[in-house]
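# Residue-level structure breakdown
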Amino acid sequence: MAQSSAEDVSTSEILSFENQMLREHRNIIRVGILGMPNSGKTGVFNLLTNSNSDVDDQVFTTFRPNFGIATYNDNQFNWLCQHFNPKSKSPSRFRVVDCPALIRDSSRGMGLGAELLVKHCGVSDALMIVVRAFGGDKCTQVGDGVNPIRDLDLILSELVNMDIMTLSLEVGQRKPLVERKQGGTQLAAELKALESIQSYITSSNKPLRLHHWNDQEVDIIKKLKFLTSKEVVVVVNMDTRDYVRSPEWHASPTGIIGRISQRLIKGHGLKDAVTIPYSGSFEENLRRLGSEEAVEHYFRANPSHRSSQVSLATSIFKALKMIHFFTCGKEEVRSWCLPKGYTAPEAARTIHRDFEEEFISVEVGSFLDLRELESEVELKREGKLTQQGRKYVVQDGDICFFKFKLPSYKTLK
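Residues numbered from 1 in each chain as written. Predicted model: local features only at pLDDT ≥ 70, side-chain atom pairs only at ≥ 80, totals over all residues. Heavy atoms only, no water.

Turning next to the sheet that holds strand 7 (residues 274–278). What the six strands build is an open sheet, ordered 2-4-1-5-6-7; its pairing is mixed. Both edges of this open sheet fall to strand 2 (66–72) and strand 7, since each of them pairs with a single strand only. Averaged over all pairs of adjacent strands, the angle between strand axes in this sheet comes to 25 degrees, irrespective of strand direction. Both strand 1 (residues 29–35) and strand 4 (residues 92–98) contribute to a ladder of five bridges, which runs parallel. Each residue of the ladder has a partner; that of Gly32, found in strand 4, is Val97. Along the sheet, helix 10 (residues 256–268) makes contact with strand 5 (126–132), strand 6 (231–237) and strand 7, crossing strand 7 at roughly 155 degrees. The strands touched by helix 13 (residues 309–319) are strand 1, strand 2, strand 4, strand 5, strand 6 and strand 7; relative to strand 7, the strand with the most contacts, the crossing angle is about 175 degrees. (Pairing = 2+ DSSP bridges. Helix = DSSP H or I, 4+ residues; strand = E, 2+ residues; numbered from the N terminus. Axes fitted to C-alpha atoms, helices over the stretch in contact; angles between N-to-C directions. Contact = heavy atoms within 4.5 Å.)

What follows is the structure, encoded as structure tokens:
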């Protein structure tokens, strides 16, 4: 079984997987939240989904997964809604599952076991790992004292072990059939790919995301949805005093965010993992203020303080390298998420699968230009509304007016 290692991961290893997408893109992404007992992961789930799932000071409060939908109301979307005043407002959404807590040897069935985590996090596009960095006697601590880096190492090691177990089962099912000349060339090719993946992870004890795979291996990884192929967001749950300190302190080599980021890079090779501060106690204090007016008054009195709700959602899209484009008009303002680098026809397919083939062109304006010029008329007058074809790569913040062969399909008037 994999053990956490302090050995540095080489830069060449880190760079080798950057352009590989080990998941299928879908319109509504899925996020799995996991962590040690009493790390505060259910609080993160409640904040993202505006839910009220039970939170307790005892271990293993979450016996079964919590499910919810999170919305992403960023400043761009909110401004566009004010500008167009549409009948309907549709922000980007993503599914969230809060899984039962992990402990050491969960991959071997300890605690609540790995079955639920593999089932629900396996179908996720990203994993949000919550680690505890707050002290106090109120919440029971599993392990010897508060140590978020130790907990992070343990969780990442358990994910590797779960993938090793999955690979052992998958290879074990196929190998006897191939040896008996059953299943044909396709099964033999699958077995070869699985054995290659198994050899890498068992010898290196490193995430599958750190290796460059051939097309057959990528297909298998997408199909079996290995946990270490997921993008990672690390949420550091700290007390209010630390949370409200400056971003510079958090990111410094002595700050907890800076230290965890370095550990992710040097210890695990996760260069693209996103690490963000969060405070369950701070969010609970905001909730207790009661009214929106009281919360607004608090932020006016403390202008450097922020809730983590938007930054938690933003971190997911950042880790997944997703951008947002908009379709806007008096009927509806809608935000769409799309992998970075996708072309206009691929963006059209996000709206409807038939639109990619029926695509003619797209008229594109930038959110920043519209906010500056304040009207579509001015966008056209200044030459900021451009006609683009099939090769155009959609940019973050684009406002798109799609044109299709079918006259009834029109996104914006």
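As a further point, take the pairing of strand 2. The alternating pattern of strand 2 places Asn66, Gly68, Ala70 and Tyr72 on a buried face and Phe67, Ile69 and Thr71 on a face that is not buried. Note that strand 2 and strand 4 share seven bridges and pair antiparallel. Within strand 4, the position partnered with Tyr72 by the bridge is Ser92. (Buried < 20%, exposed > 50% of the residue type's maximum accessible area, 1.4 Å probe, protein only.)

As a further point, take the packing of aromatic side chains. Between two aromatic rings, the relevant description is the distance of the centres plus the angle of the planes. Applying the stated criterion to the full structure yields twelve aromatic pairs. For the ring pair Tyr298 and Phe299, a centre distance of 5.5 Å and an interplane angle of 70 degrees mean the geometry is edge-to-face. Aromatic pair Phe325 and Phe402: ring centres 6.1 Å apart, planes at 75 degrees, arrangement edge-to-face. A residue pair is termed long-range when its members are at least 10 positions apart, and Phe325 in strand 8 (residues 322–327) and Phe402 in strand 12 (residues 398–404) qualify at 77 residues. Its relative accessible area of 2% is what places Phe402 among the buried residues. An aromatic cluster of three or more residues is present, and its members are Phe325, Trp336, Phe355, Phe359, Phe402 and Phe404. Stacked on the ring of Trp249, the Lys or Arg Arg245 has its end atom at 3.9 Å from the ring centre. (Phe/Tyr/Trp six-rings, centres within 6.5 Å; stacked < 30°, edge-to-face > 60°. Lys NZ or Arg CZ within 6 Å of the ring centre and 35° of its normal.)

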